[in-house]
Amino acid sequence: MIFQIKMLKQYSVKIIKNGVKMFSSTSILRSESQLAWNTPHLAVGSAKPAIDPNKVYLYNMRFCPYAERAVLSLMAKNIQFENININLNFRQKQKPEWFLEETFGQVPVLLYKDNIIPESLIVCDLIDELFEGPKLYPEDPMEKANDKVLLAIFDRLRPSFFKIVWSSDQDAKSVAYEDLCEKLKPIEEEYLKRGTAFFGGENPGMLDWLMWPWFERLPVFTHMNLPVPHFPGLNAYQQAMWNTEPVKKYGLSADEHFQFLKQFSDKTTPIDYDFLIK
């Protein structure tokens, strides 16, 4: 799907071919803009889409927080790119053969000028350095380093997050939840210390786009008999992020995230990656 972030009022879908929706994009109401991303996930046996080396492509999975980092970074930089959703179902071995041959079998993967670049942090760094547009990382090397340190601190909560959403043991969920809340405390402290709407200042920066996918998914805890972690500063921060154009266009609700996550509790039923378009 060809996508370029512009503050326009309408878009026209042209065609879906090999799982790639080609369209002239524009930002509209969130419910309509979601149609641009909710395209079929290519699976085993599917033909590889034709790749133009002069265009930017992203191998994505609609519900992957790591791939969301790359999507948001591209959108924040106003980069035109084509999105290709991939079925990552490893239980029934649904990943396309051509995808496994040229990647690590994970998303995101950025394709440009015959280069195939994996891993979310590498992809996002490349997006900021290679393409024109607003700089997402601070220009000052020390500020950039401090942002990366804070990201490393934030990333320590990811194991607890996944324990909460994957474990079938409620006690284990509760322990992981307490650990996650503890690890959010320094993030709350730093946010209040900075005193701006976003960690990147008055506008979101790379640190915001890299952390956001996990903040977006915190409300799914309400489906698991756990409250959403309450931090006054971070609560205001999440509201501010939901008002940014990339998040309004790409973000999913807690109900949508939960509908995807709950499928993993049944290890015999194939995972439906395309329920949003049915």
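Up top is the structure.
Conventions we followed
Residues numbered from 1 in each chain as written. Predicted model: local features only at pLDDT ≥ 70, side-chain atom pairs only at ≥ 80, totals over all residues. Heavy atoms only, no water. Pairing = 2+ DSSP bridges. Helix = DSSP H or I, 4+ residues; strand = E, 2+ residues; numbered from the N terminus. Salt bridge = Lys/Arg side-chain N within 4 Å of Asp/Glu carboxyl O. Buried < 20%, exposed > 50% of the residue type's maximum accessible area, 1.4 Å probe, protein only. Polar contact = N/O pair within 3.5 Å; in protein donor to acceptor, adjacent residues only side chain to side chain.

Caption draft 1: Region of interest: the pairing of strand S7 (residues 115-118). The sheet contact formed by strand S6 (residues 109-112) and S7 spans four bridges and is antiparallel. Looking at the pairing, Tyr112 lines up with Asn115 of S7. In sequence, S6 turns back onto S7 through a hairpin of two residues, with Lys113 there showing a positive phi of about 55°.

Caption draft 2: Representation of the pattern of salt bridges in the model. Enumeration over the complete set of coordinates arrives at 14 salt bridges. Ionic pairing is found between Asp179 and Lys183, a salt bridge with its closest N-O pair at 2.8 Å. A residue pair is termed a helical-turn pair when its members lie 3 or 4 positions apart in one helix, as Asp179 and Lys183 do in helix H7 (residues 170-194) at four residues. Residue classification places Lys183 among the partly exposed residues on the basis of a relative accessible area of 24%. Note that Lys278 is salt-bridged to Asp272, the shortest N-O span being 3.1 Å. Owing to a relative accessible area of 22%, Asp272 belongs among the partly exposed residues under this scheme.

Caption draft 3: Spotlight on the side chain of Asn85. Examined against the element boundaries, Asn85 turns out to sit in strand S5 (residues 81-85). At a separation of 3.0 Å, a polar atom in the side chain of Asn85 contacts the main-chain carbonyl oxygen of Trp37.

Any link to function would need more than the numbers given here.
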